[in-house]
Each structure stands twice: as structure tokens, then as C-alpha cells.
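# A look at the structure
Spelled out from the first residue to the last, the chains are:
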Amino acid sequence: MSVDTAIVAPPAEHAGLKIPAHIAVIMDGNGRWAKARGKVRTEGHVEGVKALRRLVDLGIRYGVKHLTVFSFSSENWRRPREEVSFILGLLFRFVASDLASLMRDNVRVRIIGTRDGLDEELRRVISDVERRTATNSGLQLNVAFNYGGKAELTDAARSIAARVAAGTLLPDDVTEDTVAAALYTHGSPDPDIILRTSGEQRISNFLLWQGAYSELIFIEENWPDFDEATFLKVLDVYSARQRRFGGLGSDPR
Ligand code: FPP
């Protein structure tokens, strides 16, 4: 039987924390995690998938409604061919072998990014997991794969231009909502937090539009070390931030 994660409250001992509706994560530092342990980089990616599963479980337990994770950027094709194939294989295994647990946990999965360059079999598995989880009503998991923020905005501009050229949309009727609806993430609210692990402090072409007012949180831990203690630390930092969205907030001085 499915569990409706919408009714899950944060564990009582953490009742004072603000729970963001949407957390986006740049899962960085897999290679460094592996190197520090004398392992090959790909072992870091395998541990990275385990950390992703921990994040999904934590999101469900604490009542986060949307997660967007950066698992492969359009620029990552520049890595050695073996590493690229390995990460493609991990996505394949993540969506194929975790399907049962994602269904059990009522998770709705969407793979965001361009399908260009992905082989037929991988596209089929992606479409399959999206179709099978489409009616799940719990946590929304957006996996950014072969994703780049500039490419996403370019695709959105192209689709809006096509509607204008076809005469179904007037230029004056193009609003911020029109753009947001044309993005890969349509249907998810903008992220409250963009978290990056491993000490790097960059956005790296991730959610350029959606992150306009996200709280940026950078932590030193490498992604494979992400666990509940790290998650709580991030929620603590977020809970202490005052979000003003360009206004003056509740204490204008
Ligand atoms: C960044 O670490 C990580 C990546 C580019 C890949 C992220 C992939 C995963 C977490 C596993 C894949 C998950 C799915 C669902 C496909 P890095 O390699 O840049 O590490 P480094 O900066 O220490 O070298």
C-alpha cells in the first residue's frame, strides 16, 4: 500500500525547524571522496547513489515535497568516456532497480534535461519510470540528467517563439508564468534551498531561473557522506535565514 507523504510531519524532536517545500542539490565531491580513500572515482559515484537514496528517505520523513538533484550536467560529457558510461549506467540502474521502492514510497520521478545524446534503451527506461510513477502523490523527485540551465532557458525560449510564430501566443502575453511553464521543472515550485556539497561555491549552470531567490547553502562534506546529521545541519542553517524576496522582511531597519 502506498503512503501519502503529504501527511508526514517532521519527527517531533525537530518540530522547531522550518521545512522547505523544495530542496535542490548539487551532489558534488564523489571523486574527492573516493580519492581520499584510495578508491577509483566510480566508487564515489556508487556511494553517491546511496546518498541520494538517503536524501529521498529523509525528504519523505521530514515532509519535503520536492527534491531536484543534479546528477549529470550537459558539460559532464567532457569527462573520460568510461566515467560517462558508468554514470549513465548508474542512472539506468537507479531508475530500473529502485522502481519498486520508489513506487512503495509513493515518489513521483521526473528526469529533467535533454534526451539528445542518450541511447534508445536509456530513453525507454526513463520514460517508463516517469509513466509508472506519474500518478504517485508523494514526494516529487526531479533528477537533472544531461541538464544545463542555459540549455533549459534556450529550449523554453524556442518553444515560446514557436507558439508566437504559430499565432497562438501574442508577444505581449508572454509573462514570467509563461516562461516558468515552459521550463523542465514546470509544476514544481522554485527551490527554497540550493545546496552544494564539497566546499565548492558555484551554481554551475543549475536552475538559473528557478534559483532567483533560493537560499544558497554550501557545506564542506562530500556528497557520499551526506546523512541525517548533514540534512539537519542544512535545515538549521535554512531555519535561521530571513527570506525577503527583494522586500524588507518583517524587521525593516
Ligand atoms: C560530482 O562529483 C558528481 C557527479 C558529476 C555525478 C553525480 C552522480 C551521482 C551522485 C550518482 C549518479 C546518480 C544518478 C541517479 C545517476 P565529482 O565527480 O565532480 O566529484 P569531484 O568534484 O570530487 O571530482
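Look a little higher up for the structure.
These remarks concern the structure in this document. Please read these numbers as outputs of a predicted model, since none were measured by experiment. (Residues numbered from 1 in each chain as written. Predicted model: local features only at pLDDT ≥ 70, side-chain atom pairs only at ≥ 80, totals over all residues. Heavy atoms only, no water.)

## Section: the overall build of the protein chain
- Counting its regular elements, the protein chain contains eight helices and six strands.
- Written out in order from the N terminus, the α and β elements of the protein chain read β-α-α-β-α-α-β-α-β-α-α-β-β-α.
- Taking 2.2 N^0.38 as the reference for a compact globule, 253 residues should give roughly 18 Å; the C-alpha atoms of the protein chain span a radius of gyration of 19 Å, in line with that estimate.
- Considered along the principal axes of its C-alpha atoms, the protein chain spans approximately 60 × 55 × 40 Å.
- Considering the protein chain as a whole, with its 253 residues, one finds that 45% of them fall into the buried category.
- Long-range pairs, those at least 24 residues apart, make up 77% of the contacts in the protein chain with a sequence separation of at least 6.
- Of the roughly 13,000 Å² that the protein chain leaves accessible, carbon and sulfur atoms contribute 53%.
- Treating the 33 positive side-chain charges of the protein chain as one cloud and the 34 negative ones as another, the clouds have centres 3 Å apart. (Helix = DSSP H or I, 4+ residues; strand = E, 2+ residues; numbered from the N terminus. Rg over C-alpha atoms; globule rule 2.2 N^0.38 Å. Buried < 20%, exposed > 50% of the residue type's maximum accessible area, 1.4 Å probe, protein only. Contact = heavy atoms within 4.5 Å. Areas by Shrake-Rupley, 256 points an atom, 1.4 Å probe, with all protein chains shown as cover. Lys, Arg positive; Asp, Glu negative; His and termini not counted. Charge placed at Lys NZ, Arg CZ, Asp CG, Glu CD.)

## A closer look at the sheet that holds strand S1 (residues 22-26)
- Across the sheet, which stays open at both edges, the six strands sit in the order S3-S4-S2-S1-S5-S6 with parallel pairing between neighbours. Whereas interior strands pair on both sides, the edge strands pair on one side only; in this sheet they are strand S3 (108-112) and strand S6 (215-218). Strand-to-strand, the axes of this sheet are offset by a mean angle of 20°, without reference to chain direction.
- Of the strand pairs in this sheet, S3 and strand S4 (residues 140-147) are connected by five bridges, and their pairing is parallel. Across the sheet, residue valine 109 finds its bridge partner in S4, namely leucine 141.
- Against the sheet, helix H2 (residues 41-62) touches S1, strand S2 (66-73) and S4, its axis set at about 165° to S2. (Pairing = 2+ DSSP bridges. Axes fitted to C-alpha atoms, helices over the stretch in contact; angles between N-to-C directions.)

## Points about helix H8 (residues 228-240)
- Over its 13 residues, H8 extends 18 Å from the first C-alpha to the last, a length consistent with the 18 Å expected when each residue adds 1.5 Å.
- Within H8 the residues assigned to the buried category are Thr230, Phe231, Leu232, Val234, Leu235 and Tyr238.
- Its buried side turned inward, H8 meets S1, H2, strand S5 (193-196) and S6.
- Looking at where H8 begins, the residue whose side-chain oxygen comes 3.2 Å from the main-chain nitrogen of alanine 229 is aspartate 227. (Expected span 1.5 Å × (residues − 1). Polar contact = N/O pair within 3.5 Å; in protein donor to acceptor, adjacent residues only side chain to side chain.)

## Looking at unusual backbone geometry
- Here the phi dihedral of asparagine 146 falls at roughly 55°; this positive angle occurs in a residue that is not glycine.
- The topology assignment puts asparagine 146 in strand S4.
- Residues other than glycine seldom take positive phi values, yet leucine 207 does so here, at roughly 50°.
- Structurally, leucine 207 is set in the loop between S5 and S6.

## Notes on the site of the ligand
- In the vicinity of the ligand there are 17 residues, among which Asp28, Gly31, Arg32, Arg41 and Arg79 approach most closely.
- Between an oxygen atom of the ligand and a main-chain N or O atom of glycine 29, the distance comes to 3.4 Å.
- One of the backbone N or O atoms of asparagine 30 is found 3.2 Å from an oxygen atom in the ligand.
- In isolation the ligand exposes 610 Å². Once the protein is present, 92% of that is buried.
- Given that more than half its atoms are within 2 Å of the pocket grid, the ligand belongs to the largest pocket.
- Only helix H1 (30-36), H2 and helix H3 (81-97) provide two or more residues apiece to the shell around the ligand.
- In terms of residue count, the dominant contributor to the shell around the ligand is H2 (five residues).
- Class assignment of the residues belonging to the shell around the ligand gives a composition of six nonpolar, seven polar and four charged. (Near = heavy atom within 4 Å. 1 Å grid on protein atoms, 1.4 Å probe; cavity = no way out; pocket = protein on both sides within 12 Å on 5 of 7 lines; lining within 4 Å. Sits in = over half its atoms within 2 Å of the grid points. Nonpolar A, V, L, I, M, F, W, Y, C, P; charged D, E, K, R; others polar.)

## Section: the pattern of salt bridges
- All told, the structure shown has 19 salt bridges when counted by the stated rule.
- Among the ionic contacts, a cluster of salt bridges with common partners joins Asp28, Arg32, Arg196, Glu200 and Arg202. (Salt bridge = Lys/Arg side-chain N within 4 Å of Asp/Glu carboxyl O.)

## Focus on the layout of surface pockets
- Estimates place the volume of the largest pocket at around 700 Å³.
- The wall of the largest pocket is formed by 30 residues, among which Met27, Phe70, Ser71, Asn76 and Arg79 lie closest to the centre.
- Mapped by element, the contributors of at least two residues to the lining of the largest pocket are H1, H2, S2, H3 and S4.
- Partitioned by chemical class, the residues of the lining of the largest pocket number 13 nonpolar, nine polar and eight charged.
- Lining the second largest pocket are 13 residues, with Asp190, Trp209, Gln210, Ala212 and Tyr213 sitting closest to its centre.
- For the lining of the second largest pocket, a count of residues per class yields six nonpolar, two polar and five charged. (Points joined across faces, edges and corners; volume = space filled by probe spheres on them.)

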